Amino acid sequence: MGLGIALRDSKLKRRLFGQLFPSYLVIVLISLMISTWYATKELKHLHINQAESDLKARAVLIGNQMNGYFLSENFKAIDKLCKELGKKVSMRITILLPSGKVIGDSEENPALMNNHKKRPEIITALTGNTGNSIRYSHTLQKDMMYVAIPIIENNKIIGIGRTAIPLVYVDKVLKVIYFKIMIEGLIIALIATFLSFFMAKRISKPLEELEDGVERFTKGDLKYRLPVPNARETSSLAIAMNEMAAQLDNKLTQIKKLENIRQDFIANVSHELKTPITSIKGYAETLIDGAIHNKEDAQKFVNIILNHADRLNNIIEDLLSLSSLDQESEYEQLSVENSSIKDILTSAIQLCTVKAQSKNIELELSCSANIQALVNPSLMEQAVVNLVDNAIKYSSPASKVLIQGMQEGNEAVIKVIDFGCGIPEAHLPRIFERFYRVDKARSRKLGGTGLGLAIVKHISQIHKGHTTVYSTVGAGSVFSIYLPSNQITN
Ligand SMILES: Nc1ncnc2c1ncn2[C@@H]1O[C@H](COP(=O)(O)OP(=O)(O)OP(=O)(O)O)[C@@H](O)[C@H]1O
Ligand SMILES: [Mg+2]
């Protein structure tokens, strides 16, 4: 539930994509704007420089052409040439004397023009350098770009040549370029937007998938597996989560299985207890109804009641011993000692002798005295008794049961071998389960509840050992208990 709330809370927060995409976009657009602004500025600078050097080159050419007229002081010819050239090259051309008096101009009558001595480009040209100026022209009533150069003869400034173009020309060209840059910028911005979108999606999508998957986990879908993304951090997260889900799933399946076993167990116990109780009740009622007055019947029925009471007692003892084994294995309180296997087998055989004799079955022991294992002797004895008891129970009269102890590698092995009815292979995997019997009717008649082998298995397990069974129908069975032992035998 805690996780559920956390997930719901996170829904209120902004999705990762919603944070990544705008950030990417802002970064890209700001860098685009800055670079465009810088490029435009540089371009304008470059363009103006170029326009100026263009003007200067023409001014120098024109000055050279005027040289001859200056010498002959043919100012009329100069003015005429200015007007002709000005039309051809579509720029304003002005020629002045060093005094600042205009003697030729492509646009105006020089006689009507005032002295230009104070114009900044002329002042610079008079020092022998190239003069530049961008300013408003009162003559033409527009912003102009001017370049003035000195016309020199014999190291003496004999005049000034000036060329000019309206600034709108420069601006016009720049505007066209600006427009192109703007269009290109827009296209780039559009592409950047798409790229940002996909980049943000690429990063956020695997995380969103993880989030969705985890939500499926919390809803109990533990069979689901998260897709593993490419990035190391997220992929190891997904792998870890998948492992966690798999483990949880296993645990859950185990718990369900245990729950089933528990329910089966309760049903079995109830059934096993109910059978003798029903009989006891039945015979007791028969006695009350009058049978008690017939001495012979009374004796017979009370004996039957006693038998069933014994059986109940046996079942309950078995159940108690199983549950105490459970507890011992759980808390590892088992008290063990280095015991002689031969001693254990001998006392187990003693406990079964009466039963064996009643069926005329011979119990044959073979075990060397030096075989030892760390065991709880009375528990191990109980396990062997259970095996020998079965061997006697499921053998025909006048046969043999072999009880053997031996060392196999670093294990002590106890084998109980009979030549009885055997067990069909299909039943073998289950006979160690509680209450499991191959032939229910037959076993019950023989007084079996199906707890004997479960106890054997349990006792072996809490000694860190295991059990095996080999059996052939009609030929007999071999039950073995393997126990860890470091005894060296020769
Ligand atoms: N030596 C054997 N030969 C043939 N069948 C056997 C042998 N040992 C066990 N079985 C089969 O395995 C089943 C389970 O044995 P287990 O000892 O657990 O129960 P049980 O002998 O029927 O009852 P309990 O031992 O509780 O009195 C038996 O019912 C029987 O069918
Ligand atoms: Mg048994």
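Calculation notes
Residues numbered from 1 in each chain as written. Chains lettered and ligands numbered in written order. Predicted model: local features only at pLDDT ≥ 70, side-chain atom pairs only at ≥ 80, totals over all residues. Heavy atoms only, no water. Near = heavy atom within 4 Å. Polar contact = N/O pair within 3.5 Å; in protein donor to acceptor, adjacent residues only side chain to side chain. Areas by Shrake-Rupley, 256 points an atom, 1.4 Å probe, with all protein chains shown as cover. Helix = DSSP H or I, 4+ residues; strand = E, 2+ residues; numbered from the N terminus. Domains from an automatic or database assignment. Pairing = 2+ DSSP bridges. Axes fitted to C-alpha atoms, helices over the stretch in contact; angles between N-to-C directions. Contact = heavy atoms within 4.5 Å. Salt bridge = Lys/Arg side-chain N within 4 Å of Asp/Glu carboxyl O. Buried < 20%, exposed > 50% of the residue type's maximum accessible area, 1.4 Å probe, protein only. Parallel < 35°, antiparallel > 145°, perpendicular 65-115°, else oblique. Left-handed = near helix turned anticlockwise from the far one by under 90°. Nonpolar A, V, L, I, M, F, W, Y, C, P; charged D, E, K, R; others polar.

Draft legend 1. Seen up close, the site of ligand 1. In the vicinity of ligand 1, 22 residues are found, and the nearest of them are Asn390, Asp418, Gly450, Leu451 and Leu453. Take Asn390: an N or O atom from its side chain is 2.8 Å from an oxygen atom of ligand 1. For ligand 1, a nitrogen atom lies 2.9 Å from a polar atom in the side chain of Asp418. Protein burial of ligand 1: of its 590 Å² of free accessible surface, 95% is covered by the chains. Considering every element that reaches the shell around ligand 1, the biggest residue donor is helix α9 (residues 377-393), with three residues.

Draft legend 2. The arrangement of the domain arrangement of the chain in detail. Assigned domains within the chain: domain 1 (1-221), domain 2 (228-333) and domain 3 (334-484). For domain 1 versus domain 3, the separation of C-alpha centres amounts to 105 Å.

Draft legend 3. Main features of the sheet that holds strand β3 (residues 131-137). With respect to topology, five strands assemble into an open sheet ordered β2-β1-β5-β4-β3, the strand pairing being antiparallel. Each of the sheet's edge strands pairs with one partner strand only, and the pair in question is β2 (102-105) and β3. Sheet twist, expressed as the average angle between the axes of neighbouring strands with direction ignored, equals 25°. Two elements, strand β4 (residues 142-153) and strand β5 (residues 156-166), share ten bridges in a ladder whose sense is antiparallel. By the bridge assignment, Ile152 is partnered in β5 with Ile157. Here helix α2 (residues 16-72) sits on the sheet and contacts β1 (92-96), β2, β3, β4 and β5; the angle it forms with β4, its principal contact strand, is near 45°.

Draft legend 4. Looking closely at the pattern of salt bridges. Scanning the model with the defined rule gives 18 salt bridges in all. Across the pair Arg216 and Asp221 runs a salt bridge whose closest N-O atoms are separated by 2.8 Å. Look at Arg216 and you get partly exposed, because its relative accessible area is 39%. For Arg430, the salt bridge identified is with Glu433, shortest N-O distance 2.9 Å. For Glu433, a relative accessible area of 35% puts it in the partly exposed group. Taken together, the shared-partner salt bridges in this structure form one network comprising Glu121, Arg135 and Arg162.

Draft legend 5. Fine view of the side chain of Ser485. With respect to the helices and strands, the residue Ser485 is situated in the segment after β12 (476-484). A polar side-chain atom of Ser485 sits 3.2 Å from the main-chain carbonyl oxygen of Gln372. Non-local contacts of Ser485, meaning those with residues more than four positions away in its chain, are made with Gln372, Ala373, Gln407, Asn410, Glu411 and Ala412.

Draft legend 6. Spotlight on the packing of α2 against helix α3 (residues 75-89). Axis separation between α2 and α3 bottoms out at 10 Å; the angle between their running directions is 155°. Classified by the angle their axes make, α2 and α3 are roughly antiparallel. Classified by chirality, the crossing of α3 by α2 is right-handed. Contacts between α2 and α3 involve Arg58, Ile62, Gln65, Met66, Tyr69 and Phe70 from the former and Ala77, Ile78, Leu81, Cys82, Leu85 and Val89 from the latter. Across the contact of α2 with α3, the residue classes tally to ten nonpolar, one polar and one charged.

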